[in-house]
Every structure is written in structure tokens, then in C-alpha cells.
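# Observations on the three-dimensional arrangement
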Amino acid sequence: MPHRHKNLHRLSPARLFKRRRAPPGTAPGTIVVSPDARPPILTVFAYNGERCVEVQPKSVAEIREHLDKYPVTWVNVDGLGDKQVIEDLGKLFRLHPLALEDVVNTHQRPKVDQYEGNLFIVMRMMQRNDVLAEEQVSIFVGKNFVLTFQENLPGDSFGPVRQRLRTGGPLTGKGADYLAYRLIDAILDSFFPLLEQYGELLETLEEAVLARADVDTLLRVHAIRHDLLALRRAIWPARDAINSLLRDPNALIQSETRLFLRDAYDHTIQLMDLLETFRELGSDLRDLHLTSTSNRLSEIMKVLTIISTIFIPLTFIAGVYGMNFDPDASPWNMPELRWDWGYPATLAVMFVIGVSLLFYFRRRGWLGR
Amino acid sequence: MPHRHKNLHRLSPARLFKRRRAPPGTAPGTIVVSPDARPPILTVFAYNGERCVEVQPKSVAEIREHLDKYPVTWVNVDGLGDKQVIEDLGKLFRLHPLALEDVVNTHQRPKVDQYEGNLFIVMRMMQRNDVLAEEQVSIFVGKNFVLTFQENLPGDSFGPVRQRLRTGGPLTGKGADYLAYRLIDAILDSFFPLLEQYGELLETLEEAVLARADVDTLLRVHAIRHDLLALRRAIWPARDAINSLLRDPNALIQSETRLFLRDAYDHTIQLMDLLETFRELGSDLRDLHLTSTSNRLSEIMKVLTIISTIFIPLTFIAGVYGMNFDPDASPWNMPELRWDWGYPATLAVMFVIGVSLLFYFRRRGWLGR
Amino acid sequence: MPHRHKNLHRLSPARLFKRRRAPPGTAPGTIVVSPDARPPILTVFAYNGERCVEVQPKSVAEIREHLDKYPVTWVNVDGLGDKQVIEDLGKLFRLHPLALEDVVNTHQRPKVDQYEGNLFIVMRMMQRNDVLAEEQVSIFVGKNFVLTFQENLPGDSFGPVRQRLRTGGPLTGKGADYLAYRLIDAILDSFFPLLEQYGELLETLEEAVLARADVDTLLRVHAIRHDLLALRRAIWPARDAINSLLRDPNALIQSETRLFLRDAYDHTIQLMDLLETFRELGSDLRDLHLTSTSNRLSEIMKVLTIISTIFIPLTFIAGVYGMNFDPDASPWNMPELRWDWGYPATLAVMFVIGVSLLFYFRRRGWLGR
Amino acid sequence: MPHRHKNLHRLSPARLFKRRRAPPGTAPGTIVVSPDARPPILTVFAYNGERCVEVQPKSVAEIREHLDKYPVTWVNVDGLGDKQVIEDLGKLFRLHPLALEDVVNTHQRPKVDQYEGNLFIVMRMMQRNDVLAEEQVSIFVGKNFVLTFQENLPGDSFGPVRQRLRTGGPLTGKGADYLAYRLIDAILDSFFPLLEQYGELLETLEEAVLARADVDTLLRVHAIRHDLLALRRAIWPARDAINSLLRDPNALIQSETRLFLRDAYDHTIQLMDLLETFRELGSDLRDLHLTSTSNRLSEIMKVLTIISTIFIPLTFIAGVYGMNFDPDASPWNMPELRWDWGYPATLAVMFVIGVSLLFYFRRRGWLGR
Amino acid sequence: MPHRHKNLHRLSPARLFKRRRAPPGTAPGTIVVSPDARPPILTVFAYNGERCVEVQPKSVAEIREHLDKYPVTWVNVDGLGDKQVIEDLGKLFRLHPLALEDVVNTHQRPKVDQYEGNLFIVMRMMQRNDVLAEEQVSIFVGKNFVLTFQENLPGDSFGPVRQRLRTGGPLTGKGADYLAYRLIDAILDSFFPLLEQYGELLETLEEAVLARADVDTLLRVHAIRHDLLALRRAIWPARDAINSLLRDPNALIQSETRLFLRDAYDHTIQLMDLLETFRELGSDLRDLHLTSTSNRLSEIMKVLTIISTIFIPLTFIAGVYGMNFDPDASPWNMPELRWDWGYPATLAVMFVIGVSLLFYFRRRGWLGR
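Nothing here was measured: the structure is a model prediction, and the numbers come from that model. Position labels on residues start from 1 in each chain and follow its written sequence. Each chain is given a letter, starting from A, and each ligand a number, starting from 1, according to the order in which they appear as written. Local features in this predicted model are restricted to residues whose pLDDT is 70 or higher, and side-chain atom pairs enter the listing and the counts only when it is 80 or higher, whereas totals over whole chains, interfaces and linings include all residues. Side-chain figures throughout are based on the complete set of non-hydrogen atoms in the structure, without hydrogens or water.

### A short note on the relation of the copies chain D and chain C
Condition: Here the copies are matched by least squares. The fit uses the C-alpha atoms of residues with pLDDT of at least 70 in both. Throughout, a residue-residue contact means that at least one pair of heavy atoms, one from each residue, lies within 4.5 Å.
When chain D is fitted to chain C, the best match, at an RMSD of 0.1 Å, comes from turning it 72° and sliding it 0.0 Å along the axis. Both copies of the chain, as the preceding transformation shows, are related through a five-fold rotation axis. When C-alpha positions in chain D are compared against the rotation axis, the closest is assigned to G322 of chain D, at 4.5 Å. Of the residues that chain D buries at the interface, just 13% are likewise interface residues in chain C, meaning the two copies contact each other through different surfaces.

The structure is reproduced here in C-alpha cells:
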């Protein structure tokens, strides 16, 4: 999965809307291309059990011949920047305008919609490279074709599938529904290393929180929790989508493929399971941070209290004998100052007070850490 | 969507009741007009596949001719201040008294009620202009008409639909159920820019919380959370309402329109998804505020502790040698005061104590930020 | 709804049990009258479409003649203090002993039980007059009668229904099931002004919490949360009860009345919606209180820290030059005391230290509010 | 219900396992008697509509004759310490080994299992006498018998049922299923006074928390929350068990008894309702404790801050004029000491500073209460 | 259950992925053996009602003869380090490649998958020996065989089952489905002593938290909560798996065995019940820790405040009379210093101030414990 990281964007709340271009009130089924969308690159894999052809067609029209010749044709569109290409593909494969609108309105949740003659599947693909980035993958499955649309994100998770097609593995002997399953499975599989990264991040952070619970660490905990929330929005609906693929009656999905979809469904369950565990660990980290801060404050206060409460009375005594009452004016005025043992006795009293307070603190358990 | 903002009201708990006028015990089906409701302005759009007429009728009676002439007539009532008009409309379109009561009792949750001959749909429309304001939109759908009622809020979300009708788009070739879908979709669409605003607010607030976690910032977090709660009360039941439109058997909704309603349903899911994400971010902000405050307190205490605990013992020593015991009275009385190196030695001792304490603090990790 | 407020009781946890008199182990179906229950006052409204009779019968036997003469008879029993009357009514209307036991065991949750020949409906009626008070209303609905039992609370929510019966409105032309609906709706309606009170209380409290977050305010937040919990225990099961009236097949409820029950069901949904909103606002207030307290503490600590950390080093310097080392004894002993510029220089050093610390604090952002 | 309280045990987490004796890996259906189980005391009530016999049989064999003679025989086994007796009873009543294993493995949750020829019902009985104690009650219901097993706890909730049997009430005219219902209802009924105790405890604690929020009070809140958790584990599954008795088709439960079971089901709902209310109050108490502590800390800090910040600057000034710079050495050295109005002016300055600070604090709202 | 504890690994978030070896994009059904997996040790138990043979076959081929001769053959594979052995077993027992992939991909959640001719059951086995360790157990059940795969963990929970087979108990007379039940039950049974350990840990920790709420104790609470989370991930899906074994129609599970599976299902319910109770106790401990810390801080602050606020004013007074204003220079300059009763009066004033403050503190309730 080669990364090129051109325009990764952090998943901030305001950015959740950045890619939505169609203004409110646009008629349903209208295709409004985002100005910063890449021009599309088309790739076609067409195969039967014996051979597999890979071409980059210059126009949509070129695709038709493959459709006629091969039992399965996979057209991958990387970039959504050309309205004409999308509409031509829509005509070629008889796609519903509402589905095409969802392709360019790239804020869909993972879902499966049944249309006449084809299935429309939306998945989300995620990458992390300092920040978490995501794109929508739209998959149309028909009797003899799979059509996939990707957004701006560099690279994708389909590399291994392409490799298998090129080497002519058993995959080439199966139908379009199995190819669609393999693509979905590839997307799901790419979530595992991503979650692994978050697992490591959480572990690093736990140590950081214990070492020094400052605002910086808290913000990192915060950021991870945000990312896990974004992952959740990609994975949870994916489970429902795959479940509906698996259970809803549909002529396009063969029963053999359903066995594999059950496996993919198990994968989404595992992902959710890990995700929820990580989310709970994330919450725990936040609590740990709070408690750690609170504990540290308590520690600091303890030291302040011990030193203050020991020296404040002593300083008071010293202050008393620093008063300038004139012993000559009256025998009641600080006669201690002239006593033989005045000074040593005062020091002794101070020592006794200090030691008593120390004992008191130890008894209250403030000295043993 | 031109705003005129005459009487926007903040959604405070007490205000949730302000618009309910009918006293408890009023007989069901009674229409009690709120005294501060605007006098209604009627607008009629009547069209067939070829032409579309737009008029502002002076009386309800004028509407009937359009109903007879055109396959679809849309009557929009802006303002609920005239009981007579509402009752006349009720008679003209054969509406149930319970439904009419819900039109003027503008505290309904979004819902769909099936009555004989028509569907009654309630939605809520929201605007934000410093404060969040909302109004109830009541939609009746019959075989050949759509009747909509709006409250006091200036402007509405129906502008684009009107525009399409005027330009005679494909919309004019479809039935009343499709027009109703378009109106509902326009309302849902208007929630997206609203949520976008909250996304930006949340982002601004996150920076504010980190910069200075004062009560003011907390109140802003609080206010956003309130608004999101109000949005939730508008969006969640809207999902259920649209789902029941989509699934419940009903002769008024054609199967072609159901495909579009599925799209509208997807929109409500997206809205809920965003809303819940924002709500979670709002909760996180509150936690961040609390932790930030707590951290700041800890920081402040650290500085106080370090300075206090260093100077308190030193001040005590200075206090001791400020005592006025008379060295002439006895050789035990502060002989240090007359030693040759008394003063420098004392300063040295103070220096050693101060540096030791600094080392102790560094070892406990209190000095490195 | 005239209030007389004789014996309102606060809904404290211990009081939840006060009205249960039957000791554990009493045989099911036994009627045990509470010693502090009021002697019952019976009121009968009997009507057909043309006239309505209102009498206060002296004995249960008097009721029978009305039952024979009128299609609908409503018997209201205010006070549960007479076992004989309750048993007589039970015999007259053929009520099941288990249902009668529930009438006097006034700690039932709202519910609907179907018995042969009649429906048994339990609702809870609430009033607030400084403290929240509640009573159980038991409603039996038969083919030609409605029988209602109320507890000790002065006044009820049935006033408007009585008024309509007296004025002979359309209500008198309908069946017993419709009357039961009207009574239930009257009870539900009376929750709206109650919730309105809590809405205002919450708003007042929000200001109070921000003004001064003391224990008193916290207790008021606490008390409102308790009351909302009690309201919840009355409203949530009422929704289920009305839903079961609405959906369960039952010969006693006519289909026309079901339309009205759907409206009542909508009301319970609105009540729950408001209640949950208020509960969330209550939780927010508690959090706001906590954060407010914490912020205030932080503010106070800041002032203490700033003043302490500025003056502690200065006081130390003053303390040093207050030491009494004898400059005559040795040239090393505090020669500064005799320098020409000793005092001004010391003051200058103090000034510099104080100003530096102020600058340090400003840089850390502790001085800007 | 005579209590003898010999060996009540607190429901601590470790104790939850104390009574499980069968080591992991024991074959299913094996009866392993706990070494500290009491030797069983058998009591037999056998009755028909006319008379009721009560005997304490010496051996299991004696029971058979009652079974033959009477339509209903109730065998109560108090103590599970004799494997032989349990196995004999199993043979006599044809009980399934898995059910018998559950009888001695007294950590079952309340449940209902259907076996051929009998129903196996598990309930939990609880007492509170400073600490909360519980025991498992296993109930077998057959066509003509009820067999109940109790654990070590002294006393039970069946006293009133025994009393009714002895006095030959209507109970003796009904079947075994009705007796089983009465026993279950007796157990449920005994939860009400128990919950009443917790209601009173919660009220007492609320006052305690407000009076002094120390660790001791917190531990009491904590302990109540633990007990409510234990009660929850007894009551929630009891509801499910009774519901399954009520709904699942079963020849042993007559339809008349089902009406009573519906009443028992209502009781479990009430219990759960109270329990959840108490649990919420318990959580509130914990929050109240936390806020109370935090408030108190804030109060204390306020006093410290006010006194410190007033006197610290004043003490500094006093310190300055306590310095021993020699006015004779230079005219710049503390000439104030010899000014005529030096001392009064200094005192005046101190007074002005102190009063200014007090005004400042009042303005910030720190002095009002 | 002899433990050898070679390579137990803590269940840290990063480790949750350690055992997954297959890189993303690997074709479904591929067996990728983990490099640190142990070489497998095969054990065969084959039995009919009369005798039971136990052998350790050298090759998979040796197993076939037992399959032919005995009605039930149990093959246990301890270690997943040899791809060839796993594939041979797959061929011998006609296992589906997807199931075999799940055997070596040892991060499956407990589940039941139905394949043609066999059932595939995944369970998780856990041990605790300072740290919690877990392994996946894969169980295939066919008409005449049970095939189990275990991971690296030393020892297993199957000891008692082996013992029973060797002694030829009634177990040898039953089918493969019953053996599978016994193995599952043995795994579930081993969770009980594990949970018992956590019960004791929680109790120990509660005392620790109350004794000294330091970070160390908090981390131990934290660690237990993590472990309980891991246990939850093993037990919750196990319940669903056993429920699907119990309910789903399947020719391989005989109805007699279903009765026992109901018992196993009850065990998972008990486990979940305990687990959730412990999880709630764990949360309570964390709260208790926080409150305990906060209380301690409050205690410490109280002592600091009392001592500071008493001595600060006194020290100020001493400071005033330590000023060196020259009484000779003016009669206004500290004439008190020469008064006859100056010193005793000052001491008296100090004493009065100190005692007054003490009284003030007592009145505010800060002195009583």
C-alpha cells in the first residue's frame, strides 16, 4: 500500500462538511463535482477463468468491449473530478441517479442499496499518517461487472486483489459478486493494522499519563478518542451493510459467496470488538489522567503543608523575641531576653514543637509516602 | 433562504412551553389560536406537467378552482394567527380536527399520522442567528394537494422548491407525494449548514478551552450542548417519521417516491450520526474544561509550594537571628551574633538549604514543566 | 382545579412505602384500608345524548338505577377509607378482587389490566405546591360505566370533564370508552403545567448556580432531580399503558376512540421528551455546579499564590536585614547595614524581585482575568 | 417470620463463591454437598379442600403415603447437608439430576426450567440484619406436589402461607400450582420491607453526607450501593422467571393461576422500579458527597486566602521596618525610623492596605457567606 | 490442571494483535502458521461404550483407523506450529478452508459456524498467574469425531474430561456431541475459579484504596478493570455461541444433549452476571479512589489552614513590635515599647486572637475530626 500523502486532512468537526459541495435544495440525483476533486484515472481488469486483461482506458466507451468479451469486468475510478466520466459510466452500467449522487457526495455512511440490476455498496477507507485521513469507496456490483469509485486519498487497499488478478489465481474463475467480496474484505483487512497503531499509541500514552499528567498528554488522549470515534463511524455501519448483503435475498450474490461474506461479517465484529475495547481504554486513560493530576496536587499540598505548618509556629516564636519592647522600661517587658538560658531554652522549645508536629504528621500517615 | 429575524427566541426550558396556549382540559380537536401568531399569508402553486401557476389567494374559497383544474396544488400557509382560515382549509381538504389542533399546538414532535384521505406530517425547521430558533411545519398530503403550515419564523427552507416549480423542472410532472418528499428533503437539507455551524463552533471552543478555561468558556460549551439537545429533539423523531412514510403501506405514496424517501431517510441517518458525534465532542469539551481547570490549579499550586517551601525555612532562620536576646546578659544568649563569621555562615547555611530543596523538588519532577 | 392542600407529602425514599398497609403474606385479593385514608365521597354523572344527571348518592345501591336508565354512568370515588363501599362497588360492577386490591394498595405503577367484562387502568396524578405530591387514580371501564377511585390528594384534574358533562357538550353523546379517554387525557394534560414549573425552576437554578455555587444551590438541583425521577416513574409506564389500550384487541374500546387514544399517546411521548430533556438539563446543572466550584477554587488559589509568592521572598530579605549580627564584632557581620546606600539598594532589589515575579505571572497568563 | 441469625454472611465479592463446592470438571448432575450445610429438616403439609395435615417425617419414605392420599403435598426441606435425603427425594419425585445439582449448587440466578413432569423454579430470599444475607430457594412443582429446598439462613418468608394452610383457608381447595404461586409471592412480598429499610437508610445518609462528608459516610454510601446491586441480582432475573411462568405454555400451570402470576409479575416490576430509583438515589448521594467535599475544600481555602493575603503584605511592611540598617551611617538608611510620624504613618498605611484588600474580596464575592 | 507457565503474555492493547500473522490482503482460506507457534502434539481418545483407547499418533494417517473402529474419536492438537499437520487433518475430516484459517488466526471471538458435515466452535481459555493469559480453543464436531486445537498456553481445562474417559464413566457411552458439550463445559467451569481470584483481588484492593489512595493502588484497580474487560470479550460471545448451539436446528446435536447445553448456557449467564457485578465494583473502586484522594486533600488543607490562619496574624503583631522606629525621636514612635505592661499586654492580645480563631473554626465544624 504505497502512500503518497498529498492532501491528507484531519477529521476535525468543521472538516466533516468540507467535502459536501451540493448546496441545500439541489434537486435529488444531481451530480455536483467538488472543485478540489482529482481528475479520474480509470483502470479496467477484465478476466475469465483463463486470462486477465489490465488496461487504462482513455474513454468510458472503450470499456464496453471488455464487458461483452469477459464474464467479469472490474472498472476502478480513482478521482471524482470529472462529471462527464461519471455520467457516462452511469449510462453504460444503467446506474440510478440517486446512487450516482451518493458517489460524488462523499459523506455517505457505509451502506448497501439495492437498485434494479445492481447493488450499490458504500464503504469508507482509512489511513493514518500522523493524522487520520479517510475517503469514501463506492462499489457497484452487477451481473458481469464491478465498478469502484475512490476519492482523493493516495493509494488504496486493493493492491493485493490486483496482484492476485494479475497472477491469475483462483479468483479469476469466480463471479463479480466474489470480486466485490474480495474488495470489501481488503478494505476491512486494512483496518486491522490501523487499529494496531492505535493499540500501540494507547500503550505509549498510558506510560506518558503516569509519567507526567500535563495538558499535552491530555490532548493526545483527546485526539486518539476523536480518531476512534471517526473509526467507529466507519466500522459500525459497515457491519450492518455486510449483514444486509449476507441476509437480504438478492439474485446477484451467489450462495457460495455468502459463506465468505459471513467471514467478512466476522471480521467487522472483531473490528468493532477491538474498537470498543480501545474506546474503553481511551476513557480509562482520561480518568487516569484526572486522578493522576489530582494525586499529584495532593502530593504537592502535603509537602507544602508539612513544611508550612512546622515552620509557621517556629517563625512566630522567633518573631516574638524579635520585638523591641524595652526591658529597661519595666521588669515585665521581655525579661526573658536577659535570662541566662533564654536563648537555648527558646531553641529547645522550637525543636520540641517541630518534632511534635512531625510525629503528629507521621501518625496521620502523611509522611510515609 | 432570506432571513428577516423578527422574533427569534432562545430555546430555554421555560420557553419550551411559551407557545402552548390551549389550557389543560380543552376538548380534543379545539383550535386555539396563539395571540402572538402572525396573520396567515396564503400562497398557492398549482401545476400539471406543462405549466405552473403561482397565486396569493385572498380567501380560502379561491383555492378550490385550482384543485379542480390541476393534478397537484400546493397551498402554503405562513402564519397561524387566523382561526377562520385554518378551519376553512380544514373543511376544504377534509382534515381531521385532531390534526388541525396539532397544527396550531405548535409543540409537536416530528411524526406521521394517517387519516382517511390524507397523511399528516409534522417536521421542525430550525435557524441559527446567534441563538437557535425553531418552528413547526405541518404538512398534509392528499391525492391532489399538499398543504403546508408554518409558524412565525421569518423565511423558510422551501425557496429552492419554489424556484424549481417556477422554472417548470421535471418536478412539475410528478404527483403530490413527490412534492411532499421534496419539501421534507428541503427541510432536512437545511439542517446540514446548521450542523456545520456547530462543527465550527465546537472547534473554536476547543481552542478557547485550552487557552483559558474560565466560566465564560464553560457557559459557551453548555449553551452548545443545549442547542444540540434541541436539534436532537427535532432530528431523531424525523427519522422515525420518514421511516414510517417509507415502510407503512399507504396508497398515497407511490413506489417510485419511496425510493426517494429512502434517500431522505439516509439523510436523517447522516444528520443523527453527525449530531451524536457533535454531542460526544461537546461532552469531551466539558471534560477537557474540567481537566484543564484542574491542571491549571495544580500548576499554580506547584509554584506556590516551591516558593513557599524554599523561603519559609530561610525566613525562620532570619527570624531566629532577629531575636533580641541579650548577649551581654549571658554567654549562652546568641553568641553567634558576635562571632567573626556569624553572618556569612548563616547566609551560607541558607543558601545550602535553598539549593537542597530545589534539588529535592527537581528529583520529584516538580521543576521540569 | 381548586386546590385545598391539606396533606401533601414529599416523595422521599422512605415515604414511597408509607401508603402500603397490607403486611407481607396477606392473601392476594384482600382489601386492607389504610387508616389515614379519607372516607369516600361518591359522585355520579349519568348521561345519554340528551341529558346528564349529577348526583351524590348516599349508598352504592342508589347507583344501580342510573346504570339501568342511562347508556353511560360515571362513578367517581374520592377517598379510599371505607372497605364496605369498595366491596359493594366491586360487587355491583363485578370487579376482580385482584383489581380491587390494587385500588387500595396505592403504590401501583400506571398499567392496564384486562379482566372479563371490564378494563382496569391505573394512572398517577401529580401536584406541586412547594413539594411534589402524587396520588393513584384507578379507572375501571365497562360497557356502560366508568368507575374512578382517587386517593387523599385535594382536588383533581377532572374539573374540565365535569364542566363539559354539565353543559351537555358532544361528549355526552359518546360511549364509556370515550369518557375514559377524556379522563386519562385530563390527567396527562395536567402534567404539562407541572413540567412548565420545573422548566422555570431549572432556568432560575442555572442563574443561581452561576451566581454562587454553594451547597444550598446544589441541594435545590438535587431536589429537582428527585422530583423529575418521580415524574418519570409516573409518565413512562403511562405511555406503555396507553399504548396497550391503543393496540391490544379489546371489544370495550371502539375504533373511533382509538384515534383519540393515538393523540393521548402522542401527549405521553411529548411529556417523556420534555422530561428527558429536563433530566439532562438537571444533570448538566450538577456538572455546572461542580465545575463552577472548581473554577472558583482555582480563582481563589490564584490570588493567594500571586500575593504569597511575591511577598514571601521580599519578607525573607527584610528578615535577613532584621538579624542582629553585631557589625562591631567583625567586619564580615552585616556590613551592609552601615553602607551609605544599603537601605535604598535593598528596597530597589525588593522592587525588582516583585516586578519580575509579576511579569513572570503575566507571562503564564495568571493575571489576565 | 422468626429470625435466629446464626450465620449471616455479608455479600462481599469473594463470598459470592464461598458456597460453590463442586470443583471445576465435576460431571454434570453430580450432587456435592457443602461441608457447612445444615442437616435437613423436612416438613410436610398435605391437604385437600377439607383438611390439612402437617407432619415432620423422619424419612423420605414416609412422604409417599401423603402423596397417594392428598391431592396436594408440600414438602419443605430446610438445610442441604444430607446428600442421601436429596437423592431420595429426587427419586421419589422423579427429578432430573441437573436440577438436583442446581439445588445444592446454591449460586443459581432466579430461573424457571421445564423438565418432564415438573417445573424447577429458583428464587433468592434475602434478609437484612446489619448485613444483607441471602439464600437460594429451589421450588419443584408437579401435578400433585410442591417441593421446596432452603439453605442455611434462619427463618423464611413462608410463615403466612403455613398459617393459612393450618387455618384451612380457601388456599387448601386449590392445586399445587396455586401453592407454588403463593410461595413465590411470599418471597417477593418479603422484598418490600427490605427495600423499605434501604429507603430509610438512604434518607438518613443524605443528611449525614450534608452534615459531614467524611470517608466513613462515603463507605456507608458505598455499602448500600453494593447491597442494592445484590438485590438487583435477585430481583431482575426473578421478573424474567415469573414472566416465563406466565407466558410459556405449560400444562402444570392452570389458567386461573396465571391471573395471579400476572399480579406477582406486577410486584416484581414494582420492586425493580423501586430498586432502580434507589440505585439512582445512591449514585446521587455519591455525587453529593464528592461535591460536598469539594465545596468544603473551597470554603476552607477561601478563609486561608483571605487571612493570608491580608496579613502577608502587612507582615512584609513590618519586616522592612524591622531591618537594622544604621540610620547613623548614612542619611539614606531608614530615615523613617526617626521621623516624628513614622510609626503612626506606617500603621495607617497597613490599615489602608488591609481595608483595601477586604473591599477587593468583597467585590469578588468572597466575603458574602 | 497442571500449569507450566512458559510464555504467558499480558493482554495489553498492542498485544491484542501480536498473534495475527496473515498480512492484510492474504486470500481467504490461506493457512499462515505463526513463527512462534509450538509444534503440535496430537492425542487421540477413541471409545465406545465398553472401552477407551488413548494414543499419541505419530502422523495424521494413524488416526483414520480409530475413526473406522470406534463410534467416537477425540483428536486433540496442542500447538499450531505445523501447517502440514493442520492441512492433513482438514483433509481427513473434510473441514472448510475458512474454518481452518480461523484455527490458526487465533484472534477469533467465541462463535459457532455451521459447515456441511461438521460444526466449528471457537472458545477462549484463560489462565491467571500474576498476569492474565488466554488462548483460542477451536472445536470441530462431526458425526463420529471431535477435533480440538489449542494454542501455546501450557496446560488446559480438559484434564477432568480425560480422567473420566480413562476410567470409562458413563461419558464413554454417549455421542460426539455430548463429548463436545463436556469440553465446552470444562472450559466454562475453569472461568469460575478465575473470577473467584478477581473477587478476592477486588476485596483486597478496596482495603488498599481506603488505607492509602496512591497512584500505585489506582494502577492496580486499572489493571483489574482491564482484565475484566478481557474476560468480558471471552465470555459474552461464548453465551451467544452456546445459545446458537442450543436453539439452531442442527442434526449433529441430539435433543438429550440440548438439555445439558441449557445447563452450560445457564453457566455462561452466571459468569456474565458475576463479571458485570465485578466490573461495577471495579468502577466503584475507581470512584472511591478519587473521592478518597479528594478527602485526604481536604483534610490536609484543613490542618494547613488552621495553623496558618492562627499564626499569620500573631506573627504580624510580633513583626510590628519588631520594627525599629526610634521612640527617642518622637513620642509617637512606638511608645508601647516602653510601657510597663507593653509586652504582657501584647502576649495577651495574641492569646485572645488565637483562641478566638480556634473558636471560630470549631463553630464552622473544622475541628471535630
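### Here's the deal with the interface of chain D and chain C
Which entries qualify depends on this criterion: In short, buried area is how much 1.4 Å probe accessible area vanishes from two parts on joining, totalled over both. Throughout this description, the term salt bridge denotes a Lys or Arg side-chain nitrogen within 4 Å of a carboxyl oxygen of Asp or Glu. Here a polar contact is recorded for every N or O atom pair within 3.5 Å, except that within protein the pair must consist of a potential hydrogen donor and a potential acceptor, and residues adjacent in sequence are included only if both atoms are side-chain atoms. Helix and strand labels come from DSSP, where a helix needs a run of H or I of at least four residues and a strand needs a run of E of at least two; each type is numbered from the N terminus.
Of the residues lining the interface, 67 residues belong to chain D; the matching set on chain C comes to 66 residues. Across the interface of chain D and chain C, roughly 6000 Å² is buried in total on both sides, 65% from carbon and sulfur atoms. Together, F316, N324 and F325 of chain D form the three largest contributors to the area buried by chain D at its contact with chain C, with a combined 10%. Viewed at the interface, chain C and chain D are joined by 8 salt bridges. Between R225 of chain C and D284 of chain D there is a salt bridge whose closest N-O contact spans 2.8 Å. Our count for the chain D to chain C interface comes out at 14 residue pairs in polar contact (both at pLDDT 80 or more). Residue assignment for the side of chain D that touches chain C shows that the elements contributing at least two residues are α4 (159–166), α5 (176–189), α6 (191–211), α8 (255–320) and α9 (342–363) of chain D.

### Some thoughts on the packing of aromatic side chains
The following threshold applies: Each aromatic pair joins two rings of Phe, Tyr and Trp (for Trp, the six-membered one) with centres within 6.5 Å, and gets the label stacked for planes under 30 degrees apart, edge-to-face for over 60, and tilted for any other angle. Here the term buried applies to any residue with accessible area under 20% of the maximum for its type, exposed to any over 50%, and partly exposed to those in between, with areas from a 1.4 Å probe on protein chains only.
Across all of its chains, the model carries 56 aromatic pairs over all chains by this definition. Between the aromatic rings of F45 of chain A and W74 of chain A, the centroid separation amounts to 5.4 Å while the plane-to-plane angle is 25°, which identifies the pairing as stacked. Taken as a pair, F45 of chain A in strand β1 (residues 41–47) and W74 of chain A in strand β3 (residues 72–78) lie far apart in primary sequence, 29 residues in all. Each member of the pair, F45 of chain A as well as W74 of chain A, carries the same accessibility label: buried. Measuring from ring centre to ring centre gives 6.2 Å for F140 of chain B and F149 of chain B, while their planes differ by 80°; the resulting arrangement is edge-to-face. When sorted by exposure, F140 of chain B lands in the same class as F149 of chain B, which is buried. An aromatic cluster of three or more residues is present, and its members are F45, W74 and F158 of chain A.

### Brief notes about the sheet that holds β1 of chain A
All names here are of chain A. Heads up, the condition is: Between any two strands, pairing holds if DSSP finds at least two bridges. Axis angles are defined between N-to-C directions and span 0 to 180 degrees, where every axis is a line fitted to C-alpha atoms and, for a helix, only to the segment in contact.
Taken in spatial order, the 7 strands line up as β2-β1-β3-β7-β6-β5-β4 in an open sheet, and their pairing is mixed. The sheet terminates laterally at β2 (52–55) and β4 (111–115), the two strands that pair on one side only. Between one strand axis and the next, the sheet turns through 15° on average, direction left out of account. Alignment of strand β6 (residues 131–141) against strand β7 (residues 145–150), held across 4 bridges, turns out to be antiparallel. Residue pairing across strands places V141 opposite V146, the latter belonging to β7.

So far we have only geometry, and geometry alone does not tell us how the molecule works.
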